[in-house]
Amino acid sequence: MQKPNLIAFSSPIGIIRVFESNGKVSAIDIAAKGAKATSNDSPVLQTAKKELEQYFAGKLTKFTFPVDLSSGTEFQRNVWRQIGRISFGKTKSYADIAKSIGKPKAARAVGGAVGSNPVPLVIGCHRVMGASGKITGYSGGKGIPTKEWLLEHEGIPSK
């Protein structure tokens, strides 16, 4: 079994682990339990680390490194593409995402796809809110406190 290609570093929301597969970022893990900072000379991982650090420093609002979303179903990939279109500092509801993929009654299924996003931060699932604008959950890092930090970082008021 091949050892995964990854880099890990400290961030304001905990240790961030970035995984590479076939020259693309395939997963990002926020605040991985027991994770320690590691180095890696992969150009993709170095670019991802640099851009994520710039994001946390308030100097970057859009990521440019390549990502691999092949792990998801067609429905999940459609949801992730729509989330990826939400600009820094903006939000959409689960219902908005459901409508945008042509499945207006699928808000709960959208929630499931949001929770399985393999590359949080890059595909800003923290920007997806409940219909009333409330935070309804977050699976990354320490959960809702992590989402609150990310929203505040982007200047988005949360309820």
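Structure: see above.
The text that follows walks through the structure, step by step, so that each part is easy to find. (Residues numbered from 1 in each chain as written. Predicted model: local features only at pLDDT ≥ 70, side-chain atom pairs only at ≥ 80, totals over all residues. Heavy atoms only, no water.)

## Examining the overall build of the chain
Put simply, the rule is: Under the DSSP-based scheme used, a helix requires at least four consecutive residues in state H or I and a strand at least two consecutive residues in state E, with every element numbered from the N terminus. Relative accessible area decides the class of each residue, using a 1.4 Å probe on protein chains only: under 20% of the type maximum gives buried, over 50% gives exposed, and in between gives partly exposed. Contacts were defined at the residue level, with two residues in contact if any of their heavy atoms lie within 4.5 Å. Each accessible area is a Shrake-Rupley result for a 1.4 Å probe, and residues are judged covered by the shown protein chains and nothing else.
Tallying secondary structure elements over the chain gives five helices and five strands in all. Secondary structure of the chain in N-to-C order comes out as β-β-β-α-α-β-α-α-β-α. Taken over the C-alpha atoms alone, the chain extends approximately 45 × 30 × 25 Å along its principal axes. Here the chain holds 159 residues, and 45% of them are scored as buried. For the chain, the share of sequence-separated contacts (at least 6 apart) that also reach a separation of at least 24 residues comes to 57%. As presented, the chain carries roughly 8,600 Å² of accessible surface, and 50% of it is formed by carbon and sulfur atoms.

## With respect to the nonpolar core
Side chains of a nonpolar character, in soluble globular proteins, are inclined to be buried together. Defined as follows: Think of a nonpolar core as a cluster: buried Ala, Val, Leu, Ile, Met, Phe, Trp, Tyr and Cys residues, connected wherever their side-chain atoms sit within 4.5 Å.
In this structure, I16, V18, V79 and L121 are the most contacted members of the largest nonpolar core, which totals 37 residues. Where this core is concerned, the elements lending two or more residues are β1 (5-11), β2 (14-21), β3 (24-30), α1 (43-56), α2 (74-84), α3 (94-100) and α4 (107-115). Broken down by element, the residue count for this core peaks at six residues, all from α1. Membership of the second largest hydrophobic core comes to five residues, among which are L6, A8, F19 and A35.

## Quick look at unusual backbone geometry
Positive phi outside glycine occurs at N22, with the angle close to 50°. The residue N22 is located in the loop between β2 and β3 in this model. Taking the relative accessible area as the measure of exposure, N22 reaches 74% and is therefore exposed. Phi is positive for L121, close to 80°, though the residue is something other than glycine. Counting through the fold element by element, L121 comes out in the loop between α4 and β5 (128-129). Accessibility expressed as a relative area gives 0% for L121, which makes it buried.

## Description of the packing of aromatic side chains
What counts here: Note on aromatic contacts: the rings of Phe and Tyr and the six-membered ring of Trp form a pair at centre separations within 6.5 Å, being stacked when their planes are under 30 degrees apart, edge-to-face when over 60 apart, and tilted otherwise.
Per the stated rule, a full pass over the model turns up five aromatic pairs. Measuring from centroid to centroid gives 6.1 Å for Y55 and F88, while their planes differ by 80°, and the two rings are edge-to-face. With Y55 in helix α1 and F88 in the loop between α2 and β4 (92-93), this residue pair connects regions lying 33 residues apart in the sequence. Note on F88: relative accessible area 27%, which makes it partly exposed. Ring plane angle 55° and centroid distance 5.7 Å describe the contact between F63 and F65, whose orientation is recorded as tilted. Since its relative accessible area comes to 14%, F63 is described here as buried. Owing to a relative accessible area of 5%, F65 belongs among the buried residues under this scheme. Here the aromatic cluster, defined as three or more aromatic residues joined through ring pairs, consists of Y55, F56, F63, F65, F88 and W149.

## A look at the pattern of salt bridges
Applicable threshold: Salt bridge, as used here, is a side-chain nitrogen of Lys or Arg placed within 4 Å of a carboxyl oxygen of Asp or Glu.
Using the criterion set out here, one finds three salt bridges in the structure. The residue D29 makes a salt bridge to R17 at a minimum N-O spacing of 2.9 Å. Here D29 is found in strand β3, whereas its partner R17 is found in strand β2, with 12 residues between them in sequence. Accessibility expressed as a relative area gives 25% for D29, which makes it partly exposed. The exposure class assigned to R17 is partly exposed, which follows from its relative accessible area of 27%. For the salt bridge of E53 with K49, the shortest nitrogen-to-oxygen distance reads 3.8 Å. Within this pair, E53 and its partner K49 are both found in helix α1, separated by four residues, close to a single helical turn.

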